[in-house]
Amino acid sequence: MSDKVLEIRNLNVTFPSLERNVHAIRNCTLHVNRGEILGLVGESGSGKSVTSMAALGLLGSSARVKGNIRVVGREIIDRSEAELQEIRGRKVAMIFQNPFTALNPFFQVGRQVMDALLNSHFMSKEEARKRVFQAFKDVRLPDPEIAFNRYPHQMSGGQLQRVMIAMALVCEPELLIADEPTTALDVTVQAQIILLLRELVAKKNLSILFITHDLGVVAALCDRVAVMYAGMVVESGPVVDVLATPSHPYTSALMKTVPALGQTKDDLSYIPGQVPDMSVPIIGCAFAERCTKVSEVCHKQAPPRRAVLTDQFSFCHNASGPVALDEIVAGGRL
Amino acid sequence: MSSLDGFQANPALQPSWTRRISHFASTNTLLFVGGGIFLLIILAALFAPWIVPFEPNKIDFSHKLLAPSLEHLMGTDALGRDIFSRVVYGAQTSLIIGITVLAISMAIGVPIGLAAGYFGGKVDMLLMRISDIFLAFPPLLLPIAITAALGAGLFNAMLALAISWFPWYARIVRGSVMAIRKELYIDAARAMGVGSLRIMFRHALPNSWTPAIVQGSMDFGYTILAAASLSFIGIGAKPPTIEWGLMVALSRSKFLDYWWTAAFPGLAIFVTVLAVNLLGDGIRDMLDPKYRSGR
Amino acid sequence: MIKYVAQRLALMIVILAGVMVVTFALSRVLPGSPIEMMLGHRPTQEQIDLARAKLHVDEPIYTQFSYYVADMVRGDFGESLRTGRPVLEDVLERMTATFEVTTLAVILVVLVGVPLGVLSAVKQNHLVDHGARSFSIAGMALPVFLIGMMLQMLFYGELSWLPLQGRMNSEILLDYEFPRVTGLYLIDTLLAGQWLAFKSAAAHLVLPVLTLSIASLAVVTRITRNTMVEVLAQDYILTLKAYGMRKRRIYFLYALKATLIPMLTVIGLTYGFMLGGSVVVEYVFDWPGLGGYVVGAITKNDFPAVMGVTLFLSTIYLSVNLVIDLLYYLVDPRLRAT
Amino acid sequence: MNALLSVKNLQKVYPTKVGMIKAVDDVSFDVAAGETVALVGESGCGKSSIALSLLQLISSDGGTVHFDGTDFTSLSDQQRQQFRKKLSIVFQNPFSSLNPKMRVRDIVGEPLKTVFGLKGSKLEERVAQHLRDVGLGREHLKRYPHEFSGGQRQRIAIARALALEPRMLILDEPTAALDVSVQAQVLNLLKELQAKHGLSFLFISHNLATVNYIADRVMVMYLGRIVESGPVHSIFSSPAHPYTQALLASIPSLDPLKKNQLVALSGEVPSPLSLPAGCAFANRCPYASDLCRTLRPDLLSKSEAWAVACHHPIQGEED
Amino acid sequence: EAKTNTATYAMYGDIKDWDPSIAFSLEVMMLANVYEPLLWYNPPESEEQFSPALATSWSVSDDGLTWTFKLREGVKFHDGEPFNAAAAKASIERTKSMKKGAWYIWASVDSIEAPDDTTLVIKTKKPQPIDLIASSQYGAYMFSPKAAEKGTDWFNEGNAAGTGPYKLRQWVKDQQVVLEKNPEFHGGWKEGNFDRIILKVVTENATQVQMLKSGEADFISLVPADIVDSLNKEEGISAYTVPSWKNSQFLINTQKAPTNNKKFRQALTHIWDYDTVVNDILAGHAEVARGAVPATMWGHNANIEPPAFDLELAKKLIEDSGVPEDQRKITIAYIGTSEAYKNSALLFQENARQVGVEVELLPGEWGVIWDRAKNLETAPNLQSMTWWPTYPTPNDWLIGLFRTEDKALFNLSHYSNPEYDKVLDAGVELEGSDRDAAIKKYHEAQQILIDDAVAIFYADIMTRIARQSNLEGLEANPAYAAVFFHKVTRK
Ligand SMILES: Nc1ncnc2c1ncn2[C@@H]1O[C@H](COP(=O)(O)OP(=O)(O)OP(=O)(O)O)[C@@H](O)[C@H]1O
Ligand SMILES: Nc1ncnc2c1ncn2[C@@H]1O[C@H](COP(=O)(O)OP(=O)(O)OP(=O)(O)O)[C@@H](O)[C@H]1O
Ligand SMILES: [Mg+2]
Ligand SMILES: [Mg+2]
């Protein structure tokens, strides 16, 4: 068995509608190794959430999903609901962006966490309750007993997000998918969550797919990062490498737009133009329209996957480094 | 300003109207069936004199209670009147009822809702309590009480229905105005020194029309049904007005033996209301994406 | 809790006062003199004087109103012109018949409409959904009186399965004495252990209840479906799915509870529609309840009776809504926040 | 200092079902002509409430707001209309701050119409001119907001705010709803416009990095009160208030090697419904003493332009 | 045990007044079976005009002022009280003094005496047909003095105490009245008599018809004329008509514009389509009327020709009348539940439209439209009326409907013609002494009504009966709108 907890290969997701087909994910490939945190970054609409939903088979019947997704070695695509239920909660858990809406307002939070636990593991209620208390303690919720009987509206966003994390932990999944779990929170709370997640990964050998649009959070939390643009991963690699020496023009452009403390430049740089319309077929490189290093080939041919450094890959015609020939076909035409 | 080059909205993101409509036609066949039938009904109402084979009020006892035939498509009633002709004319009445009741109840309800939602506080409290009073009567009972006081008759019935129905519009408009009031563009307009009245009518009203119209299109059918019920129990339309509910009422003593006397006017109500409801549903789907089927 | 109840109660009283303003106003806009209308046939001078005194017509309108309110609060709705008895007595006597039909209809609507709506939402765009939606859209387009008449034609005229009208078979009503404990024949006959009478009562209830239910059933199915669809699109449902929760548990525990509030609202409204619809249904089925009473009263210009029933049913309706408000409180933890 | 905007002891209380929320508690500050002052703090600390009560879009419950020497709070609605041309606002969310049923021409033209009474081609001319200022063309006049991207919408909102040719703009988190790539464009635009028109900005944000980029001075808020104010570079390099310090330490750096510098505050933000008697930050503060828990510190000058509300300010190297 | 023999009668409204002194409406079905008067009036063509009820014999003094009734012995009221002269006296006096319902039939009575238990003496100031009055279908019933003591409220709780063949067993308000055989009935019982009568409230005639067809009802009260023949064809059902003293007319308001114009009124009589109404709407179960008194009643004027249905003539009369075009609007009030009225009115409305007269229909419940019609302000131009005598005399119509009244009661034409009153009074004066002379006067009076066009006299109607055909012993009696159940047996 591979040490890849999540493996997505050539994922394509289309939302068909009579008005226009939205081709939201185009040949996306990424993986999460056991015990690592992969950051998935990208602008709004780049397909981060769709990718994560696909990983759990949660996209529903309105989406057409093609490619391979393996979670802990099990194929996800085209599986029945019953089979998926085996995986969900037990092998992989998910945390959503907005903790205020991700919990049912009509039930006490403890009950909801306990239900998730009882659903994925067979045990007595008493036992389950104990474990929930423990999980609440682990995520440092003050007064677990009181928190257990609270309704969501009686808790703050940071607390709720911790409840969500506790829910994920208590189920002891191998993979945790977190879709922008800190975006709705304040920086100080965000810092708490980041530290908490780091600690939990270290303690419990958890693997996390962490979705965010904040490169700073990636830097602070993740081991590896995958940068998404227009439905595909354009660059991936260890955080240290990608952020220090971005090989894709999009990654570097993105980094330059972020104002950083202590920066005293007169003008912030920006990325001109707009994200491509996902309902229109893209020929060549999706970023070509906005790229400063664009060349003729970019408009004609989809860029191949190149290994830039040992573990750093980039989909760019102009990225330095050798072309991994075996990947040209896989990354190929749309 | 060089930094702004290429900052254009992509027109492809906005599908054209024709595409939208054709998309709609194919996803929402029922809407188009409803719309089609409704159009036919409107045409029937408008061109009734040219369509009908017989004078609708012409009494001819030698032809009474004839079963449907080629000559009398829907048969004749106890007075030998051609039911088909009467059903066609009945469309006029029903449409007038629907339009009048909705117009009156919106004319009362919309301004009330607008003022309540916009000003909030005590104004809201007062106006809404007043509306609540009218909602406290079980539906149909207030119209009954009002017509009992004002006297039976189609106009009074319509007025009574409108009075009992306006609070719904007040509520809906208020609700959406309250929601809109929280929208930043209202604050923005105020910040730019735009006056209250202008904000109410230029900003709040156009944005709260949608739910009112959606509600209206859903209520059109209810109105026709309610008016027919009032006619049926004898406090709505009176002859020589031709109204479907009244036709059923007049045939009540006969329908077990002469089913067509009640069935066709009843069917006319059903088809019309169904068409209107389908249309209303479609309009709602179109204007209010929340209810679109499927995700 | 007590504060909440007190608030709701106060609101209800305020609205009830408003309702009285409306009925009072209506009773003063009667064509001709209200007194003549209220007294009916050839009143003697004596009767007129008495009525004038009772209505306090010589005093200012607000004084008249205060007397009116005092009368209503005491339950003095005046005398019915038709039966010559106090309206309240008539109303109380007939109330149970209406209550029996409307309550059964509401129960039927809830028991059938809610599961159907849930099913329809869960099986979105599948056959069940199409079926349920077609039913609900057709059901809402059927005039109540037509439903009643069609059912009569079918079950009495064609099949002879069910009785045409009335509340109980005459002979059974005579031969099987059962004490009117609740006034609901279905319950009273059971309490008395009278099977035949129970069966007759039930058979007589079928068509009116069905007639009264169909339109509301359509509405409730539809609204359940729509709220359920909305709820199912909520993030917290996604959370449950992401944790591999079984569907049935999601739908019938987590989602349903969230739809309860809109459902309660709809059930309240439905009850109102039923009270209104009972007017037509009781008329069609000769049902000896308040609806039939009010139609009779209208044709006879029995104004005190019409207003009495109106006021009475409004009070009932308001009380139902009060109960529903209290249920909100129990269902929605957010209302309980302190 | 000749302040353009001078706020004294501003108070705002929201009565709610469950109690009174003191959203703005005794806030005073000045903004000089041509200056950019930033207001930062966590969500719910009262930033928007200040913005709205400056314009009296919500009525304040105490204190005064002098703009250009006139007390805004004591004006009648009528008089206030005239003043509104001098002080304008851009809101956080360009997706909801533009009326979806109005064309760009009317959105930008409306204040011109109601305040200046402009009409017809004159109006159109002015609108086009303002749109040009923010980089939009005549071809956009007839479009509706939904036909624009987020960044473009924010430009329209800025054009509208500039239509009355104000002397000061209040910017309530103008880039919070935008992607980083777009955020940069809007920030650049704002800087450009300020240089061109000599505007003052009150820049509200919770993103310290953008504040650092755009502002001269910064005021840090915590639970309705200003806890520290002063020049951006001084405060960001050596914060005096423990909260400011924590805030700065909570921002993840782009440099993965500094990831261990990330420090998190412990504890929860107290409910605004029941604020503690002493310093509101005391329960999360690593330096809190008994004094902090009983006595609320006042905002006191630390140096000429620097003030802090803390019993135990952090002593950094003074510049 | 033998099966109870039950008859079900569908009646279209519940009993309103249980007090026999007051009841004046639908109650007759109950009254005539639970109570008895002193005499019953026999159907026309019987050998005797009356049959004994609680009186076994009676006589009148030569001056016609003193009537002596010999009462039946050994009769007990249902509550066990004995029936005797004192009880009879008390009954009549109570009815008379209550001034409700049909009390006026006793108005001319001067005194009542009960010299012994079985003798009742009634004295009047003027000669009066007390025998007819004592057989009236309202206001002439004998009831237990004990019950009377308990008062109207007691009756209205659903109680009765008569001497009739049936006792009141149960009253479920708005649902049913059940009568049960009185085993002590002085008339005795036959094989096949009903043990029990259910009077079931069924307001809708369609429903009644259905119940008859299904056998659920043995008799129904609402038989639309146009289905009599088709009903009769149904197996097991007998539907037919019998002569009655009823006639129908639309009274034309002579004081309200535009019908205060005689020419205009005459025009209306020509707009009425007599043949269609009688032949189609009433399905031939009626005759076109000739004036106010029906052909079945003595004193009828057969020389009167009904006005022709002639729209041309009507048009001309309207033009001549001088009623301006914009005032040619009339209202027509009738009992809304009646098919026949409704259809006639619709026909009239349609025909009137053709000659430029707009007709507004005012259907309503009798009590309501009656109240309106009495008051000139609210009165309609045309008022439906179906009349039958409380006791058999032509003057019942001529006085009741058309004699000048201070305050309108049934003169809903608001007709006041001194000449007519004079001729009529002369007839009434002669009725006791010289019937032929009286008839002459009555004929003259009827002609005046035609000349003045005070009403559209359109139909002498027959009573429609529909019942199960396995019943025997039903005899038609125009004097009573009731079925005498104890005379009926089931085969
Ligand atoms: N159900 C759907 N139907 C049609 N299009 C969809 C659907 N869900 C997502 N999309 C489209 O897919 C694309 C990717 O969306 P996704 O939600 O994954 O973006 P994201 O990267 O998560 O953005 P954000 O940062 O805003 O959350 C978008 O263009 C979106 O419009
Ligand atoms: N209309 C209102 N009614 C009641 N409470 C309110 C209202 N508006 C704001 N508040 C409360 O006042 C406090 C300050 O709110 P405000 O919107 O000013 O915060 P903010 O700093 O702008 O937050 P954010 O960064 O989330 O925009 C919060 O606790 C908020 O819940
Ligand atoms: Mg997302
Ligand atoms: Mg804010």
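Residues numbered from 1 in each chain as written. Chains lettered and ligands numbered in written order. Predicted model: local features only at pLDDT ≥ 70, side-chain atom pairs only at ≥ 80, totals over all residues. Heavy atoms only, no water.

Looking at an unreviewed UniProt entry, one finds chain B named ABC transporter permease and attributed to Sneathiella sedimenti. Listed in UniProt under the heading Subcellular location (unreviewed entry), the comment for chain B reads: "Cell membrane". Note on chain B: under the UniProt heading Sequence similarities (unreviewed entry), the record states "Belongs to the binding-protein-dependent transport system permease family." (UniProt positions renumbered as here; feature names shortened; annotations may be inferred.)

Going by an unreviewed UniProt entry, chain A carries the name ABC transporter ATP-binding protein and comes from Sneathiella sedimenti. According to UniProt, the comment filed for chain A under the heading Subcellular location (unreviewed entry) is "Cell inner membrane". The UniProt entry for chain A carries the following text under Sequence similarities (unreviewed entry): "Belongs to the ABC transporter superfamily."

A few words on the overall build of chain A. A count of helical and extended segments in chain A gives 13 helices and 12 strands. Expected size for 334 residues packed as a compact globule is a radius of gyration near 20 Å; at 21 Å, chain A falls within 12% of this value. A principal-axis box enclosing the C-alpha atoms of chain A has dimensions of 65 × 50 × 40 Å. Just so you have it, chain A exposes about 12,900 Å², and 51% of that area is on carbon and sulfur atoms. Here chain A holds 35 positive side-chain charges and 34 negative ones, and the gap between their average locations is 3 Å. (Helix = DSSP H or I, 4+ residues; strand = E, 2+ residues; numbered from the N terminus. Rg over C-alpha atoms; globule rule 2.2 N^0.38 Å. Areas by Shrake-Rupley, 256 points an atom, 1.4 Å probe, with all protein chains shown as cover. Lys, Arg positive; Asp, Glu negative; His and termini not counted. Charge placed at Lys NZ, Arg CZ, Asp CG, Glu CD.)

Time to look at the site of ligand 1. All names here are of chain A. For ligand 1, the full set of nearby residues is Phe15, Ala24, Glu43, Ser44, Gly45, Ser46, Gly47, Lys48, Ser49, Val50, Glu180 and Met278. Note that an oxygen atom of ligand 1 is positioned 2.8 Å from one of the backbone N or O atoms of glycine 45. Within the complex, 64% of the 630 Å² of free accessible area of ligand 1 lies under protein. Per-element tally for the shell around ligand 1: the top contributor is helix H1 (residues 48-55), with 3 residues. (Near = heavy atom within 4 Å. Polar contact = N/O pair within 3.5 Å; in protein donor to acceptor, adjacent residues only side chain to side chain.)

Take the packing of helix H5 (residues 87-122) of chain C against helix H6 (residues 127-139) of chain C next. Residue and element names in this part refer to chain C. Contact pair H5 / H6: the axes reach a minimum separation of 8 Å and the direction vectors enclose 130°. Between H5 and H6, the angle is such that the two are oblique. The handedness of the crossing between H5 and H6 is left-handed. When H5 is examined against H6, the residues Leu116, Leu119 and Ser120 are found in contact with a partner set consisting of Val128, Asp129, Ala132, Arg133 and Phe135. (Axes fitted to C-alpha atoms, helices over the stretch in contact; angles between N-to-C directions. Parallel < 35°, antiparallel > 145°, perpendicular 65-115°, else oblique. Left-handed = near helix turned anticlockwise from the far one by under 90°. Contact = heavy atoms within 4.5 Å.)

With that settled, consider the packing of aromatic side chains. Within the structure shown, the criterion is met by 53 aromatic pairs over all chains. Between B:Trp165 and B:Trp168 the ring centres are 5.9 Å apart and the planes differ by 50°, which places this aromatic pair in the tilted class. A residue pair is termed a helical-turn pair when its members lie 3 or 4 positions apart in one helix, as B:Trp165 and B:Trp168 do in helix H7 (residues 154-182) at 3 residues. Accessibility classification places B:Trp165 together with B:Trp168 in one group, the buried group. Ring geometry for E:Tyr41 and E:Phe50: centres 5.4 Å apart, planes at 85°, overall edge-to-face. One exposure class covers both E:Tyr41 and E:Phe50, and it is buried. Just above the ring of B:Tyr118 sits the side chain of B:Arg181; from NZ or CZ to the centre is 5.1 Å. Across the ring face of C:Tyr185, the terminal group of C:Arg167 is positioned such that the distance to the ring centre comes to 3.8 Å. (Phe/Tyr/Trp six-rings, centres within 6.5 Å; stacked < 30°, edge-to-face > 60°. Buried < 20%, exposed > 50% of the residue type's maximum accessible area, 1.4 Å probe, protein only. Lys NZ or Arg CZ within 6 Å of the ring centre and 35° of its normal.)

Buried accessible area, meaning the area lost when the parts come together, often serves as the stated size of an interface. In this assembly, 29 residues from chain A lie in contact with 23 residues from chain C. Summed over both partners, the interface of chain A with chain C comes to about 2,500 Å²; 62% of that surface belongs to carbon and sulfur atoms. Counting across the interface, chain A meets chain C through 1 salt bridge. Of the charged contacts, one joins A:Asp115 and C:Arg249 as a salt bridge, the two residues approaching to 3.1 Å between their closest N and O atoms. Among the secondary structure elements, those contributing two or more residues to the side of chain A that touches chain C are helix H2 (81-87), strand E6 (92-95), helix H3 (99-102), helix H4 (109-120) and helix H7 (157-170) of chain A. In terms of residues, the side of chain A that touches chain C owes the most to one element, H4(A), which gives 5 residues. Class assignment for the residues of the side of chain A that touches chain C results in 18 nonpolar, 7 polar and 4 charged. (Buried area = accessible area lost by both parts, 1.4 Å probe. Salt bridge = Lys/Arg side-chain N within 4 Å of Asp/Glu carboxyl O. Nonpolar A, V, L, I, M, F, W, Y, C, P; charged D, E, K, R; others polar.)

Another aspect to go through is unusual backbone geometry. Outside of glycine, negative phi angles account for most residues, and trans bonds account for most peptide bonds. With omega at 5°, the peptide bond leading from B:Pro239 into B:Pro240 counts as cis. Position of B:Pro240 among the secondary structure elements: in the loop between helix H9 (196-232) and helix H10 (244-251). The amide bond that connects E:Ala257 to the next residue, E:Pro258, takes the cis arrangement and shows omega of -5°. With respect to the helices and strands, the residue E:Pro258 is situated in the loop between strand E13 (247-252) and helix H7 (262-271). Of note, the phi angle at E:His414 is positive, near 50°, even though the residue is not glycine.

A few words now on the environment of C:Thr299. By the secondary structure assignment, C:Thr299 is in helix H13 (residues 290-299). Residue C:Thr299 is classed as partly exposed on the basis of its relative accessible area, which comes to 37%.

Our focus in this paragraph is the site of ligand 2. Residues and elements named next belong to chain D. In the vicinity of ligand 2 lie 13 residues, with Ser43, Gly44, Lys47, Ser48 and Ser49 positioned nearest. Between ligand 2 and the protein, one listed contact pairs an oxygen atom with a side-chain N or O atom of serine 43 at 2.8 Å. A distance of 3.3 Å separates an oxygen atom of ligand 2 from a polar atom in the backbone of cysteine 45. Here ligand 2 has 640 Å² of accessible area as a free molecule, and 65% of this is covered by the chains. Counting residues per element, the ones that place at least two in the shell around ligand 2 are strand E1 (3-16), strand E2 (19-32) and helix H1 (47-54). For the shell around ligand 2, the element with the most residues is H1, which contributes 3 residues. For the shell around ligand 2, the class distribution of residues is 5 nonpolar, 6 polar and 2 charged.

Attention shifts here to the arrangement of the chains. Sorting the 8 pairs of chains in contact by contact count puts chains B and C at the top. Contact between chain A and chain E is absent, and the least distance between their C-alpha atoms amounts to 49 Å. What separates chain D from chain E at the closest point of their C-alpha atoms is a distance of 50 Å, and the two make no contact.

All names here are of chain E. Most of strand E7 (residues 119-124) is tucked away, with 5 of its 6 residues classed as buried. Relative to E7, strand E5 (residues 66-71) is paired through 5 bridges, and the arrangement is antiparallel. Bridge pairing in E7 places phenylalanine 69 opposite leucine 120. As paired strands, strand E6 (residues 109-116) and E7 are joined by 5 bridges and run antiparallel to one another. Counterpart to glutamate 113 in the pairing with E7 is valine 121. Taken together, E6 and the strand that follows it, E7, pair antiparallel across an intervening segment of 2 residues. (Pairing = 2+ DSSP bridges.)

Now for the sheet that holds strand E11 (residues 305-307) of chain A. All names here are of chain A. Reading across from one edge, E6-E7-E8-E3-E9-E10-E12-E11 is the order of the 8 strands in this open sheet, with mixed pairing throughout. The sheet is open, and its two borders are formed by E6 and E11, each paired with just one other strand. Strand-to-strand twist across the sheet, computed as the mean angle between neighbouring axes with direction ignored, equals 20°. Summarising the sheet, strand E10 (residues 232-238) and strand E12 (residues 313-315) pair through 2 bridges and their orientation is antiparallel. Residue pairing in the sheet places glutamate 235 in a bridge with serine 314 of E12. Against the sheet, H1 contacts strand E3 (37-41), E6, strand E7 (175-179), strand E8 (207-211) and strand E9 (224-229), and its axis sits at roughly 150° relative to E7.

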